[in-house]
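Secondary and tertiary structure notes
Letter by letter, the chains look like this.
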Amino acid sequence: MSDYIGLNLFEMNTVGHISHGLWVHPENTRHRYADLDFWVEQAKLLEEGLFDAVFLADVIGAYDGYRGGPETAIREAVQIPSNDPLLVIPAMAAATTHLAFAATFSTTYEPPFAFARRASTLDHLTKGRFGWNVVTSYLPNAARNFGLDDEIGHDDRYGIAEEYLQVLYKLWEGSWDDDAVVVDRGRRVYTDPEKVRAIDHVGEHFRVAGPHLAEPSIQRTPVIFQAGSSDRGREFAAQHAEGVFVGGRSLEVYRENVADIRRRAVNHGRRADDVKTYASAVVIVGRDTAEAQEKASEFRRLSSAEGYLAHAGGSGIDLAAYSREAVIDDVLAAEARAGRDSGQSGRRFHAPGTTVGEALDAVTAFDRNPFFVAGSAVEVADALERWTDETGLDGFNLRQFLTPGTAEDFIEHVVPELQRRGRYRTRYEESTFRERLFGAGARRVPERHPAARYRGGANLGGAGADEAEQRAAG
Ligand SMILES: Cc1cc2nc3c(=O)[nH]c(=O)nc-3n(C[C@H](O)[C@H](O)[C@H](O)COP(=O)(O)O)c2cc1C
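Keep in mind that what you see is a predicted model, and the values were worked out from it rather than measured.

The feature "binding site: FMN" (unreviewed entry), as given by UniProt, occupies Asp58, Thr104, His154, Tyr158, Ser229 and Ser230 in the numbering adopted here. Among the structural elements, Thr104 can be located in strand 3 (residues 100–106). With near-sequence residues (within four places) excluded, Thr104 lies in contact with Phe55, Leu56, Ala57, Asp58, Pro85, Trp132, Asn133 and Val135. Of the polar contacts made by the side chain of Thr104, one reaches the backbone oxygen of Leu56; its length is 2.8 Å.

Here's what the structure looks like:
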């Protein structure tokens, strides 16, 4: 593990991502999210601050579970209005040379072929600085936007995601040889057809002929991120992810979850350090403790409890509809009986025995996050060091209160402090995303990653071969 603490800015192409209500703050510029200059300015700032990456979340539906409709989310700008995360990346890439870009895209609703090409295009345009956060989506409204009456069941969504990745790996890794493009003007051969092949994938969910339309990009497979917290989600992450967002109620639980994901990765034939682990960092920094605390009070005052409730209700469970004394476990059991998927919300709403009232307070209070620091640069750096050293985490996704204020403050105050301690880079070295995480030369996934088995056109064809192998592996 590198001594450097990894740092991504947690973003979304929207007004209100996770700090609800703060768009009203006079210094917040979130209302500019639809202006390309907003993204270019941010990218330049983050590159000055030597960040690893900007990480773009995404959802493809409205949060309509709270009070029976989307009105609160719409009024409070809770992830709506929102724009496509992929489309702002080329502009940010053109304004920078090192900063990487991880964007979220769902495996549940759009078939894989078009996304394979979009991702390859982004990896080309960013010169190997593209990463993909694989999600299966959790909003019931998203299902209705894509022709379904309701969400596909949680584990079935992961089943689809497995096959989705198989198709992508075949296209990215197996369809074109590295030396396929020859650009031989004399012989009039642009690409050698012998070195480009169909994938002829026939599976339970997808039939994709190929060949891939994009030629090999620098990384081929983008750096894969994942944030699953269920058992199924962790297994998926352990097989595929190179960066994992870990959650937990306390430092100790983070430590267990980091160890758990590494153990699972090893069980899948990977190395423990093939997976980088990240936590959300909720940081408010000031020139001194008092200034930081003052900012925190102001953020508390401007926060929107309704916005947080609309966000929490997006999974289809409206906690506010229950009495404060009700116990979460009973609520989730009742919701499950009513056919609603309570897995994700259940984990979000915390420990067994928690009441609805306690959960509502936690959901609406940013300072209940296990990693919350409002303090001086020294205090913030102390906390970042302690957490990485005591949990095995590799880095953090910095949550924004103000744009660009949160990142500016962090870069002005915390970055130099971490650099003094030898815990933060003083210049970029490698500029592809995977090399930034795994060192010089690691542009492509390693041999032990499941994408590598399609290299050179091996193992293409139906999904049957993969399934037989998985069964044999137990
Ligand atoms: C830091 C972080 C970022 C996430 N970003 C997104 C996102 O942008 N879009 C999305 O649909 N889900 C997102 N999720 C939800 C996860 O993909 C996942 O569904 C959730 O953690 C529950 O895990 P499970 O799917 O294994 O039940 C995120 C989760 C975390 C912890």
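In this fold, Tyr454 is placed in the loop between helix 16 (433–438) and helix 17 (464–472). Considering only alpha carbons, one finds Tyr454 and Tyr169, 285 residues apart in sequence, at a separation of 6.9 Å.

Tallied over the full model, the rule gives 23 aromatic pairs. On the numbers, 5.6 Å between centres and 55° between planes, the contact of Phe10 with Phe55 is tilted. One end of the pair, Phe10, is in strand 1 (residues 6–12); the other, Phe55, is in strand 2 (residues 53–57), with 45 residues separating them in the sequence. Phe55 gets classed as buried once you look at its relative accessible area, which sits at 2%. Judged by centre distance (6.0 Å) and plane angle (75°), the ring pair of Phe55 and Phe225 falls under edge-to-face. Highlighted residues: Phe55 in strand 2 and Phe225 in strand 9 (residues 223–226), separated in sequence by 170 residues.

What follows deals with the domain arrangement of the protein. The domain architecture assigned to the protein consists of domain 1 (6–286 + 372–472) and domain 2 (304–363). Contacts between the two partners involve 24 residues from domain 1 and, on the opposite side, 18 residues from domain 2. For the pair domain 1 and domain 2, the summed buried area comes to about 1,800 Å², and 53% of that belongs to carbon and sulfur atoms. When the buried surface of domain 1 facing domain 2 is broken down by residue, His20, Tyr66 and Arg249 rank first, second and third, together holding 34% of it. The tally of links between domain 1 and domain 2 comes to 1 salt bridge. With its nearest N and O atoms 3.2 Å apart, the salt bridge here joins Arg67 to Glu306. Along the contact surface separating domain 1 from domain 2 lie 9 residue pairs in polar contact (both at pLDDT 80 or more). For the side of domain 1 that touches domain 2, the leading source of residues is helix 2 (residues 71–76), giving 4 residues. Of the residues in the side of domain 1 that touches domain 2, the class split is 8 nonpolar, 10 polar and 6 charged.

When you tally the buried positions in strand 1, you get 7 out of 7 residues, the bulk of the element. In strand 1, alternate side chains face the same way, and those of Gly6, Asn8, Phe10 and Met12 on one face and Leu7, Leu9 and Glu11 on the other are all buried. Of the strand pairs in this sheet, strand 1 and strand 13 (residues 395–398) are connected by 4 bridges, and their pairing is parallel. Bridge pairing in strand 13 places Leu9 opposite Leu398. The pairing of strand 1 with strand 2 spans 5 bridges and is classified as parallel.

Our next topic: the side chain of Asn13. Note that Asn13 resides in the loop between strand 1 and helix 1 (36–48). The class for Asn13 is buried, based on a relative accessible area of 2%. A polar contact of 2.9 Å, which involves the side chain of Asn13, links it to the backbone oxygen of Asp84. When neighbours within four sequence positions are excluded, Asn13 is seen to be in contact with Tyr33, Trp39, Leu56, Ser82, Asn83, Asp84, Pro85 and Val88.

Cut-offs applied
Residues numbered from 1 in each chain as written. Predicted model: local features only at pLDDT ≥ 70, side-chain atom pairs only at ≥ 80, totals over all residues. Heavy atoms only, no water. UniProt positions renumbered as here; feature names shortened; annotations may be inferred. Helix = DSSP H or I, 4+ residues; strand = E, 2+ residues; numbered from the N terminus. Contact = heavy atoms within 4.5 Å. Polar contact = N/O pair within 3.5 Å; in protein donor to acceptor, adjacent residues only side chain to side chain. Phe/Tyr/Trp six-rings, centres within 6.5 Å; stacked < 30°, edge-to-face > 60°. Buried < 20%, exposed > 50% of the residue type's maximum accessible area, 1.4 Å probe, protein only. Domains from an automatic or database assignment. Buried area = accessible area lost by both parts, 1.4 Å probe. Salt bridge = Lys/Arg side-chain N within 4 Å of Asp/Glu carboxyl O. Nonpolar A, V, L, I, M, F, W, Y, C, P; charged D, E, K, R; others polar. Pairing = 2+ DSSP bridges.

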